[in-house]
Structures are given as C-alpha cells and as structure tokens.
Amino acid sequence: MLGYDMGEHPLDPVRLELTIALARAFGVLDRPGVTVRGPIPATDAELLTCHRADYLAAVRAAPEDPFFRGYGLNTSDNPVFDNMHEVSALISGATLMATRAVWSGEVDRAVNIAGGLHHAMPARASGFCVYNDPAIAIADLLASGAERVAYVDIDVHHGDGVQQIFWDDPRVLTISLHESPISLFPGTGFAEEVGGPGAQGTAVNIALPAGTNDLGWLQAFHAVVPSVLRAFRPQLLFTQCGADSHRLDPLANLRLTVDGQRAAHLALRDLATELCEGKWVASGGGGYALVEAVPRTWTHLLAAITGEPLDPMTPIPPEWMKLALSRRPGVVVPQRMTDDGFTAYTPWEPGGTTPLDRAIMATRKAVFPLHGLDPHDPRD
C-alpha cells in the first residue's frame, strides 16, 4: 500500500482534532438537545449520484499503485493515501446523515466539519477533494423530493465542483463568495457564470478582490445573498463554511478575522430561520491556519448550530492551548475567541467605484434581473 503523511499536506486533520477539542472545552457539544453521531460511509450507489463509476474504481485502485496517474490523483494537491476511498466515503456519509436528519425533521440544524469538499468533479479529484460530499447530499435531497435547495459557499476558493454538477438544474441555487479567480485557484467563479440554459440565475458568483476585509466581505454578502435567497425561496439551506478567508491563511489573500467569519455564520443561520423554517446544514471546507484560525472559526460555527453564539471575548482554556502547542510546536496560539475584528459594515449603495463596488455590481447585474430584481436598487 502507498502511504502518505498528511502532516506534510495543508489539509492536515489536526484542524479537526483541535476544533472538536476546543468546542468540547466550551461545552458546545454537550448542550441540551445536541447529539454527536458516528458516520456511516456513503455507498457506491450514493457516490454515483455525482461521480462516475470509473472514477470510483480509480480511487480504490490508486493506493495500490505508486505510479498511478489520471483522474487528478497522485498529484501534489491530491496525493494518494491508504484507504482513500474508505475515508472519503465516510466523509460523504457523514454529510448525508446530517442532511437527511434535517430534511426529515428529526433536527433543525446539523453540521459535518470534516465535509465541504467542494472541488471534486464527477471524474476528477481537485483542490484536496476526492468525493464531493455537498453535491452528493444535495442530490440525495432532490431524490427525496426537495424542489428548491440553496447552497451558499463562503470558502475563499470558488465552489466549482458543486456549481458544475448542478449547472443545468434549476432546483439548486449555488452561491459562492470567494477571492477573485484572477488571483486564486481554481480560476473559475466570475460573475458572468450564471448557470446553464435551463437554469440561468441559479449560479451566483461574487468574486472578491484580494485583500477584502471583514467590512467589505460582509457588505458584499448582504448586497447579494439575502435578496437572491428570498427570490429563490429554498426549502433547505446548505452552507460550505471554509475558514480560509482568514487573514492568516497561508493559501489565500482575503483579510477576514474570526469575528467576520462568526458574523457570516450568524447571518446564514438567520436566513435559514427566515426562509427554510430553520433547516440548515453546514459543512467545513478549506482552512489552513491550523491553530490560529480554523479551530476558533469552526467552534463559533458549532456554537451557532447548537444554540447560543459564543462571546468573542471568551478566553481560550489553557488546556486547549497546551494541546495546540503539542500538535503544532512553535505556533502562536490565540488566547481569546476574537481577533478584535470590527463587523459593523456599511450597507451597499450603487455608484461606488472601488474594486469591491465593481465586483458587487457585476454580480448584481449578472443575476438580479434573472430573479426579477433590480441590480441598481439597494432595496433589492
């Protein structure tokens, strides 16, 4: 078998360990009504709703062959590792479990922080992603009778795999806020990408200039996302909550703080409450500031999912700081759940000339008329 030390790869599983440890230290996972469940792997039939059979066979075969090439596998981004199919199917199975629990009414909200592998294509691994668990879960919702599902992706990278899989399906609205494809992988996600001929307006892309901070990001979000969601009227909101928009992330160039990311989570929760009777499924995604950002951001997400938000001024427990240093010696460990970020953004108004203003207007012009909205009217 071909082994691979994931500690050498940006997608280090330590970010999940540290997130769960921090959430447990605050009692977030022990709140009344909260259930933590072990995942069941997705079956081949479930994976095949979004992936090709030859690709599944390749994922199974690649760990046995150190010279395997093809399907995006055995590259620096997507190295082959032992039990690659089994691990990837387990992540997809967890997202399926979360989504089914919400759709059935068993719970109002659910989350799989290991999920959000939004770059995987039907027959190609991409951007650290093998199986596209958000797309698989959304396909399952459609098969279960859902008529309108909204997917909002706040990862710093464009949610290209999910957009591509549902490009021609008017039942799925995909919205992605990401750093401009001019400066960042995967090179897609321009405002002009609006969906296939039978589904125009159901792909929405907000390509943010490199360097965008909390205030600019939140302004762009509120200038586009609520209006389009209200026009679409989703029955369930699925969000990919990658943490790599953080200012310390080593792989991207946005400048958000954990405070801005927390504000995004709470805005998404409010929209799910308003539009979907609270039906909200969240996943993780990217995030490579493994100690400095990801555990705090996703602990805020878990708190938003399970009940009351955490106070950003909350000190981080010493035992967690010790664990973080033991896992990543030499890093600067944060001491509070805040970066002292400022999130009181100014609502968008037409007529601005900054790169951010132009990005917002480009998206509004591209998609608002397709939903019966006026791109120039700030009330829409």
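Every chain is numbered independently, its residues counted from 1 as its sequence is written. Local features are withheld for residues below a pLDDT of 70 in this predicted model, meaning they are given only at 70 or higher, and side-chain atom pairs are given and counted only at 80 or more; totals for whole chains, interfaces and linings count all residues. As a rule here, side-chain values cover all heavy atoms of the structure and leave hydrogens and water aside.

Points about the overall build of the protein chain
Going by this rule: Helix numbering and strand numbering both begin at the N terminus, where a helix is a DSSP run of H or I of at least 4 residues and a strand a DSSP run of E of at least 2. Atoms considered for the radius of gyration are the C-alpha atoms alone. The globule rule reads 2.2 Å times the number of residues to the power 0.38. The buried label goes to any residue with under 20% of its type's maximum accessible area, the exposed label to any with over 50%, and the partly exposed label to all in between, with areas taken from a 1.4 Å probe on protein chains only.
For the protein chain, the helix and strand inventory stands at 11 helices and 6 strands. Scaling as 2.2 N^0.38, a compact globule of 380 residues should have a C-alpha radius of gyration of about 21 Å, and the protein chain matches this with 20 Å. Across its three principal directions, the C-alpha atoms of the protein chain cover 60 × 50 × 40 Å. Classification of the 380 residues of the protein chain by burial places 58% in the buried group.

Side note on the packing of helix H8 (residues 258-275) against helix H9 (residues 294-306)
Spelled out, the test is: Helix axes are fitted only over the stretch in contact, all axes being lines through C-alpha atoms; the angle between N-to-C directions runs from 0 to 180 degrees. In this scheme, roughly parallel covers angles under 35 degrees and roughly antiparallel covers those over 145, while 65 to 115 is roughly perpendicular and the rest are oblique. Put simply, a crossing is left-handed when the front helix is turned counterclockwise from the back one by less than a right angle, and right-handed when it is turned clockwise. For this analysis, residues touch if any pair of their heavy atoms sits within 4.5 Å.
H9 packs onto H8 with a crossing angle of 25 degrees between their chain directions and a minimal axis gap of 9 Å. By the angle between their directions, the pair H8 and H9 is classed as roughly parallel. At the point where H8 passes H9, the crossing takes the right-handed sense. Only Arg296, Thr297, His300, Leu301 and Ala304 of H9 make contact with H8, whose side of the interface consists of Val258, Gln261, Arg262, His265, Leu266 and Arg269.

Focus on the packing of aromatic side chains
Geometrically, a pair of aromatic rings is defined through the distance of the ring centres and the angle of the planes. Quick reminder of the rule: Here the aromatic set is Phe, Tyr and Trp, taking the six-membered ring for Trp, and pairing holds for ring centres within 6.5 Å; pairs whose planes are under 30 degrees apart are stacked, those over 60 apart are edge-to-face, and all others are tilted.
Per the stated rule, a full pass over the model turns up 5 aromatic pairs. Arranged with centres 5.6 Å apart and planes meeting at 85 degrees, the rings of Phe128 and Tyr288 form a pair that is edge-to-face. Highlighted residues: Phe128 in the loop between strand S1 (109-112) and helix H5 (133-143) and Tyr288 in the loop between strand S6 (280-283) and H9, separated in sequence by 160 residues. Seen in terms of ring centroids, Tyr151 and Phe238 are 5.9 Å apart; in terms of plane orientation they differ by 35 degrees. Their pairing is tilted. Here Tyr151 is found in strand S2 (residues 149-153), whereas its partner Phe238 is found in strand S5 (residues 236-240), with 87 residues between them in sequence. Judged by its relative accessible area of 1%, Tyr151 is buried. Residue classification places Phe238 among the buried residues on the basis of a relative accessible area of 0%. An aromatic cluster is present here, built from Tyr55, Tyr71 and Tyr131 joined pairwise through their rings.

Things to note about the sheet that holds S1
Note the threshold: Two strands are counted as paired when DSSP detects at least two bridges linking them.
The strand order S1-S6-S5-S2-S3-S4 describes an open sheet built from 6 strands, whose pairing is parallel. Of all strands in the sheet, those bounded by a partner on one side alone are S1 and strand S4 (203-208). Here the strands of the sheet are splayed against their neighbours by 10 degrees on average, with no regard to which way each runs. Where S1 meets S6, 4 bridges bridge the pair, whose relative direction is parallel. Paired with Asn112 across the strands is Ser283, a residue of S6.

Quick look at the pairing of S5
Condition: We call a crossover right-handed when, viewed with both strands directed away from the observer, the connection leading from the first strand over the helix to the second proceeds clockwise.
Counted residue by residue, S5 has 5 buried out of 5 residues, so it is predominantly covered. The alternating pattern of S5 places Leu236, Phe238 and Gln240 and Leu237 and Thr239 on opposite faces, both of which are buried. Pairing of S2 with S5 involves 5 bridges; the strand directions are parallel. Directly across from Tyr151, in S5, lies its bridge partner Phe238. Where S5 and S6 come together, 4 bridges link them in parallel fashion. In the strand pairing of S6, Phe238 is matched with Val281. For the segment spanning S5, H8 and S6, crossover handedness is right-handed.

Structural notes on helix H7 (residues 214-232)
Short version of the rule: The span expected for a helix works out to 1.5 Å for each residue beyond the first. Throughout, bend refers to the angle between the axes fitted to the seven residues that end at a position and the seven residues that start at it. Counted as a polar contact is a pair of N or O atoms within 3.5 Å, where, for protein atoms, one must be capable of donating a hydrogen and the other of accepting one, and residues adjacent in sequence contribute only when both atoms are in side chains.
Here H7 contains 19 residues, and its C-alpha end-to-end distance of 26 Å stays within 8% of the 27 Å for a straight helix at 1.5 Å per residue. If you look at H7, its biggest bend is around 30 degrees, right at His222, and the proline Pro226 turns up within four residues after that. The N-cap of H7, judged by a side-chain oxygen 3.2 Å from the amide nitrogen of Leu215 a few residues on, is Asn213. Looking one or two residues beyond H7, the residue adopting positive phi is Arg233, at roughly 60 degrees.

Points about empty space enclosed by the protein
So the rule is basically this: Cavity: a set of points on a 1 Å grid over the protein atoms alone where a 1.4 Å probe fits but cannot get out. Pocket: an open set with protein on both sides within 12 Å along at least five of seven lines, its lining residues, like those of a cavity, having an atom within 4 Å of a point. Grid points are joined across faces, edges and corners, and a volume is the space filled by probe spheres set on the points. Residue polarity follows a fixed list, in which Ala, Val, Leu, Ile, Met, Phe, Trp, Tyr, Cys and Pro are nonpolar, Asp, Glu, Lys and Arg are charged, and the others, Gly among them, are polar.
Evaluated as defined, the whole model comprises 1 cavity of 30 Å³ or more. In this structure, the largest cavity occupies an estimated 50 Å³ of space. Taken together, Ile154, Trp217, Cys241, Gly242, Ala243, Ser245, Leu256, Gln261, Ala264, His265 and Thr297 make up the full set of residues lining the largest cavity. When residues in the lining of the largest cavity are grouped by element, the largest group, 3 residues, is from H8. Looking at side-chain class alone, the lining of the largest cavity contains 6 nonpolar, 5 polar and no charged residues.

Some thoughts on the environment of Arg148
Tracing the backbone through its elements, the reader meets Arg148 in the loop between H5 and S2. Accessibility expressed as a relative area gives 21% for Arg148, which makes it partly exposed. Sequence-wise, Arg148 and Leu173 are 25 residues apart; in three dimensions their C-alpha atoms are separated by 7.6 Å. Sequence-distant contacts of Arg148, defined by excluding residues within four places in its chain, comprise Arg171, Phe232, Arg233, Pro234, Gln235 and Leu236. Among the polar contacts made by the side chain of Arg148, one reaches the main-chain carbonyl oxygen of Phe232 at a distance of 3.4 Å.

Quick word on the confidence of the model for the protein chain
Heads up, the rule is: What pLDDT conveys is the predictor's confidence in a given residue, as a value from 0 to 100.
Residue-level pLDDT values for the protein chain average 96, and 98% of them are 70 or greater. Scored below 50 in pLDDT, residues 1-7 makes 19 contacts in the model with residues more than four places away or belonging to other chains.

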